[in-house]
Amino acid sequence: MAGAIPVPDNLVAKLRGKFIVLDGPDGSGKTTQQGILADRLSRAGLDVLAVRDPGATAAGEAIRSILLSGRDGVLSPECELMLFMAARAQMVEEKIAPALAAGRLVLSDRFVSASCAYQGARGLDVRRIVEIGEFAVRGLWPNLTCVLDLPARAGLARTAAKKGSAALDAVERRAPAYHERVRGLFRDLASFYPSRVEVIDAARSVPEVTDRLIEVLAHVD
């Protein structure tokens, strides 16, 4: 079983109605950790909703296809940003807000933090991205964003090994220098993001990262 630290008894009550985001560079393991946490916390008694950004709704999945397929050519940074925000607006409306109101724990694979890094790395002002995000998500910010930090080249190597180079999406195929800028913005996220951010070393083993996440979640407000 991944992770040696048991889920503390008081963590179940603490996390009800909370919104937690896992984010970070490509290949950092956020999707893997989301699955592990959702399973462990569900077995501990929490009602967990796991979503991915962009996605989770019919509109969000259609937008995801446009953004990641590359079939529509190179989108401008502004177009890319607005499509991501549109998907988030629908996800908040259909999925996240109702789940939180029902006392569920929401675990999201990426959120506005991803646009700060990925569209910020294309030259957009990160504070302007946050302002647009505030409107798109109606001020519904995560209680905690965990940034899984990994050197860009290591993350890209992990992704290529897992998916195969031919299966990389349009964003993953961007130049290593771009992904280095993405990583730098994730590492600086706490300096401009409007809610709590924790940076976690994702170069460690999967169980070690899971254990660290459990420790951090124990201190969610």
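Everything that follows concerns the structure shown earlier in this document.
Residues numbered from 1 in each chain as written. Predicted model: local features only at pLDDT ≥ 70, side-chain atom pairs only at ≥ 80, totals over all residues. Heavy atoms only, no water.

Q: Help me get a handle on the nonpolar core, residues and values and all.
A: Ile 96, Phe 111 and Tyr 193 are the most contacted members of the largest nonpolar core, which totals 45 residues. Elements supplying a minimum of two residues to this core: β1 (19-23), β2 (48-52), α3 (58-69), α4 (77-101), α5 (112-118), α6 (126-136) and α8 (176-187). Residue contributions to this core peak at ten residues, all from α4. Within the second largest apolar cluster, 25 residues are counted, among which are Val 12, Ala 38, Leu 46 and Leu 213. (Core = buried A, V, L, I, M, F, W, Y, C linked by side-chain atoms within 4.5 Å. Buried < 20%, exposed > 50% of the residue type's maximum accessible area, 1.4 Å probe, protein only. Helix = DSSP H or I, 4+ residues; strand = E, 2+ residues; numbered from the N terminus.)

Q: Before we move on, can you summarise the pattern of salt bridges with the specific residues and values?
A: This model, assessed by the stated rule, comprises 15 salt bridges. Between Glu 93 and Arg 138 there is a salt bridge whose closest N-O contact spans 2.7 Å. Taken together, the residues Glu 93 in helix α4 and Arg 138 in the loop between α6 and β4 (144-149) connect sequence positions 45 residues apart. Of the charged contacts in the structure, one is a salt bridge between Glu 198 and Arg 196, with a shortest N-O distance of 3.0 Å. (Salt bridge = Lys/Arg side-chain N within 4 Å of Asp/Glu carboxyl O.)

Q: Would you mind going over the sheet that holds β2 in detail, with residue names and values included?
A: Here we have five strands laid out as an open sheet, ordered β2-β3-β1-β4-β5, and parallel in their pairing. With one partner strand each, in any of the chains shown, β2 and β5 (197-201) form the two edges of the open sheet. Shown here is a sheet whose adjacent strand axes are inclined to one another by a mean of 20°, direction ignored. Taken together, the four bridges between β1 and strand β3 (residues 105-109) define a ladder with parallel strand orientation. If you follow Val 21 over to β3, its bridge partner there is Ser 108. Strand contacts of helix α9 (residues 206-217): β1, β4 and β5, with the helix running at about 160° to β5, the strand carrying the most contacts. (Pairing = 2+ DSSP bridges. Axes fitted to C-alpha atoms, helices over the stretch in contact; angles between N-to-C directions. Contact = heavy atoms within 4.5 Å.)

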